[in-house]
Amino acid sequence: MSKDAILGAIRRGLKRGPLPADQRAMLDGRLATHPRHLIPARSRLPRPEQVALFIRNVEKEFGTVERIPDLAGVPAAIADYLAAQNLPARLVMAPHPELEGIDWSARPMLVREARAARDGDLVSLQHAWAGVAETGTLFFPSDPVRPATLNLLPDTEIVLLRASRIVGAYEEAWDRLRAERQDPLSGGFMPRNLMLVTGPSRSADIEQTLELGAHGPRRLHILLVEDEKAPRMASPEQARAEAVSQPGGPAAPGD
Amino acid sequence: MVQITSPAFKRNAAEALDNAGLQKALGKAKGAFLQRRAAAVAALPEFEALRDIGRDIKNHTLANLDHYLEVYAANVERNGGVVHWCSTADEARAAVLEICRKAGARTVTKGKSMISEEIGVNDHLEAHGITPVETDLGEYIIQLRHEHPSHIIAPAFHLNREDWEADFRRAHTDLDPNRVFHERRDILTEARTRLRQKFLAADVGITGANFLIAETGSSVIVTNEGNGDLTQTLPRVHIALASIEKMVPTLEDATSLLRLLARSATGQDFSVYTTFSSGVRRQGDLDGPEEYHVVLIDNGRSNMIGTEFQEMLRCIRCAACMNHCPVYGAVGGHAYGWVYPGPMGSVLTPSLVGVDKAGHLPNASTFCGKCESVCPVKIPLPKLMRHWREREFERHLTPAGIRSNLGIWAWFAKRPSAYRLATRAAMGALSLLGRGKGAFRSLPLAGGWTEGRDLPAPEPGGTFMQRYAKTRGAGR
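Please read all numbers here as calculations on a predicted model, not as lab measurements. (Residues numbered from 1 in each chain as written. Chains lettered and ligands numbered in written order. Predicted model: local features only at pLDDT ≥ 70, side-chain atom pairs only at ≥ 80, totals over all residues. Heavy atoms only, no water.)

Caption draft 1: Highlighting empty space enclosed by the protein. Residues and elements named next belong to chain B. This model, assessed by the stated rule, comprises 4 cavities of 30 Å³ or more. Here the largest cavity defines a volume of roughly 130 Å³. If you trace the largest cavity, you find 18 residues lining it, with Cys325, Pro343, Ser365, Cys371 and Met385 closest to the centre. For the lining of the largest cavity, the secondary structure elements donating two or more residues are helix H14 (326–331), helix H15 (342–353), helix H18 (370–374) and helix H19 (381–394). Of the residues belonging to the lining of the largest cavity, the class tally is 11 nonpolar, 6 polar and 1 charged. Approximately 90 Å³ is the volume found for the second largest cavity. For the second largest cavity, the lining is made up of 14 residues, of which Cys315, Cys318, Cys321, Met344 and Cys375 are closest to its centre. For the lining of the second largest cavity, the per-class residue count stands at 13 nonpolar, no polar and 1 charged. (1 Å grid on protein atoms, 1.4 Å probe; cavity = no way out; pocket = protein on both sides within 12 Å on 5 of 7 lines; lining within 4 Å. Points joined across faces, edges and corners; volume = space filled by probe spheres on them. Helix = DSSP H or I, 4+ residues; strand = E, 2+ residues; numbered from the N terminus. Nonpolar A, V, L, I, M, F, W, Y, C, P; charged D, E, K, R; others polar.)

Written out as C-alpha cells, the structure is:
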C-alpha cells in the first residue's frame, strides 16, 4: 500500500524505524500544548491603541471601517453606506442571532434575506467572529449562522465586528477558538471552513499591477461596534507590562 | 507529467534573451516584487528571528514526518474527509480521476496549485472527458494559451497587457470583437464575469495546499483573488492536492510560517484570504462541500529525506529566490524547462526528475547568494546547487570539454609554483598585447566567454602574487 511505502521511505531516509512510544508521546504532547513562538511586538498595545491598529491595518489593505456606538446604529449605517455607494437597499444577511435581533424598523426600506449567498447578490452582511489587530484580519469560522459564501459571491461585503472581539495577535484568536468552539462532527474546535480575510479581493497577475475585485468582493466595509467600556488600562506602560506577563509569551521554537 | 525541456536549457535561455516580449515583461516586473518585499520586511523588526523559527519548525517536522502524517490523516478522517496516499504522479492522477468519475463530474474548477502542474492533472482529466478550468487569473490565461506557468506565484509573469487583450479577444468569441480594454481593470472584469459561471457550474473543485496541519487535520490555502475559496466552497466535492512536505504540527507553527510567507512572496503583511479547510459540510451548514478528499503526494520527496537535499523540503514556495535571482531575471521561468524555475527549481528539479536531465539548472547560477539571503526558511540554495554540480561531475555527466579543462586547471592548482609561473606568463603576454586597447573583444580558445563581454587587459605591474610579495616587502 502506498501509505506504508511512503512512511517506510521516510523512515529509511531518517535511518530509523517507527518512533518509540516515549518519543511519540513527546510529539503528541507538543501537539496538545501547541507552544507559541515569537509573537511580533507590534500588536502588544494598550486596548484603545490595539483597536486603532486594527483599523489602520484594514485601511492599509483597502478595507473601510465605520465605528458605531451600538447595534441600534447598524440599520442607519448600512442604509447610508449603500446610498453613498449608489447601491440598492437590499442585502443578503448571515442568519446570526445578533444580526436578526437588531431592530431594523428604523430603516424599513432596507430589504434583508437571511441565507447563504447566491450568484447575483450585490451586498452581504456578515458577522465576524474576531478581528486580529496585527494585520487587520477578520476571522470567519463557517457554521449554520455564518455561511462562507457571504464572504465570496457578493460585490460588496459589510461585516459587523464587536470591538471587544479584536485581539492583538493570531495566537490569541487560536486560544479563543479552542476555548469557545466545539465542532459537532469532529468534537474538536475547528469548523469545516475558517476564512481569515484581510481586505477586499485583488489580483496583480496583469503586469504585476494591483487591481481590486478579482473574484471575491470589490469592497469590504466593517461596522465596528464600540461595545467596550472606557479603556481598562490607566497608562500605556501599565498595559505593556500586563501584555508581556500574559501566559503564552514567546516559547522555544520547533522541538 | 509536464514535458521536460530542462536538457535544452542553454537553447531555451538563448531564445529567451532574444524574445522581445518576454524581455519587456521581465523588465517591467523586475523591481516590483523586490521593493514590496523589502518594505514589508523593514516594517517587521522580528523578521530575521522569524526566519530562524521557520527553519526550526520545518526541520522538526521533517525529522518526525512519519508521525505527523499519521496524526494528520487520522484527524482528516475525524473531520469526515478521506486521505489518498500516493507514491507517484501516476497514482495521484488516477486518484483524482477516480474521485471525479464517482462524482459524475463534467467540469472541474481549479485553484492555483504547483503540485497539480507537477503531476499533470489537467491533461489527464481532459483525456478522460472531464474539463478542468483554471480560475486563478494568471493560470486562466496560461490555460487559454496552452502554456505552463513561468513563475510559481505569478504564472503570467512573462506576459504583457497586449498579450492579455489579444488572448481574450481570441478566446471569448461571443463578445464584441471591437470592444476596448481601457484599463487593466477591464481585462480583470471580463475574466471575473466569465469565471463566475464556471464556479457555479463545476461539479468538483480542486485546490492545492500551502500547509497541512496535523493538530486539526486542516489544509490551508493562501490567495488574494478568492478563486481558491470559490473553488472549494461551491462544488459538491473538494479535492486538496498536497505534497507530504506541506505538513506542520500546529496552528501556532503554521502562524509563524504565514508571517513569513506573504511578506516574502508579494510583500503583503498577510494575504487577503488564508483559509483553513477541515472536512465536510457540517449538519445545519448552508454551504460547503459534501465530500472532502486530500490527495497526499510523495512523488520523489521521501527519497530526499536523509540526503543533503532534505533542506529543500523546507521550501514554502514563496518565490523570493526567483524574484531576486539575476539568472531568472534575465531569462524568465520557461527556460528552466520544468515546473519549478529559479534557484529553488534548480535544486528541486534534479531531485525530482534526475540530474541527468536537469544538470544544466544548478550550473545556471552566478552564486551571488541573494536567494539564500532572502529565503524565509533559510535554505542554503547555493550550497545545494553546488552539491548537484559535484554529483553531476562524479557521475561523469559533465561535458568532456569542461571536464578536461577542469583537469588542466586542477593540475596547476595543486602545484602553486607552476600555477604562478603560468599566470605570470599569461598576464605578461596579455598586458603586452592589450597595451593601448584597454580590453580584448575576443580571445583565442575563449570565444564563448568573450562573445557576451570584453576581457579587461591586465595593468602592467605583475600578477596579484607578485604585487602582494612586493607590498609586503615594502611594508616591513
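We are not done yet, so read on.
Caption draft 2: Main features of the domain arrangement of chain B. Domains assigned within chain B are domain 1 (6–28 + 35–302) and domain 2 (418–474). Using only C-alpha atoms to locate each centre, domain 1 of chain B and domain 2 of chain B end up separated by 52 Å. (Domains from an automatic or database assignment.)

Caption draft 3: Molecular detail of a nonpolar patch on the surface. On the surface, B:Phe393, B:Ile402 and B:Leu406 cluster together into a nonpolar patch covering about 240 Å² of accessible area. Note on placement: B:Ile402 falls in helix H20 (residues 400–413). (Patch = residues over 30% accessible without salt bridge, like charges linked within 9 Å, V, L, I, M, F, W, Y side chains within 5 Å. Areas by Shrake-Rupley, 256 points an atom, 1.4 Å probe, with all protein chains shown as cover. Salt bridge = Lys/Arg side-chain N within 4 Å of Asp/Glu carboxyl O.)

Caption draft 4: Summary view of the side chain of B:Thr207. Its location among the elements puts B:Thr207 in strand E4 (residues 204–207). Contacts of B:Thr207, omitting those with residues within four sequence positions, involve B:Gly111, B:Ser113, B:Ile221, B:Gly228, B:Thr231, B:Gln232, B:His238, B:Ile239, B:Ala240 and B:Leu241. (Contact = heavy atoms within 4.5 Å.)

Caption draft 5: Fine view of the sheet that holds strand E3 (residues 131–134) of chain B. All names here are of chain B. Strand order in this open sheet of 6 strands is E1-E10-E7-E4-E2-E3, and the pairing throughout is parallel. The open sheet has two free edges, formed respectively by strand E1 (82–86) and E3, since each of these has just one partner strand. Strand-to-strand, the axes of this sheet are offset by a mean angle of 20°, without reference to chain direction. Sheet topology note: the strand E2 (residues 107–110)/E3 ladder contains 4 bridges and is parallel. Following the sheet pairing, lysine 110 is matched in E3 by glutamate 134. (Pairing = 2+ DSSP bridges. Axes fitted to C-alpha atoms, helices over the stretch in contact; angles between N-to-C directions.)

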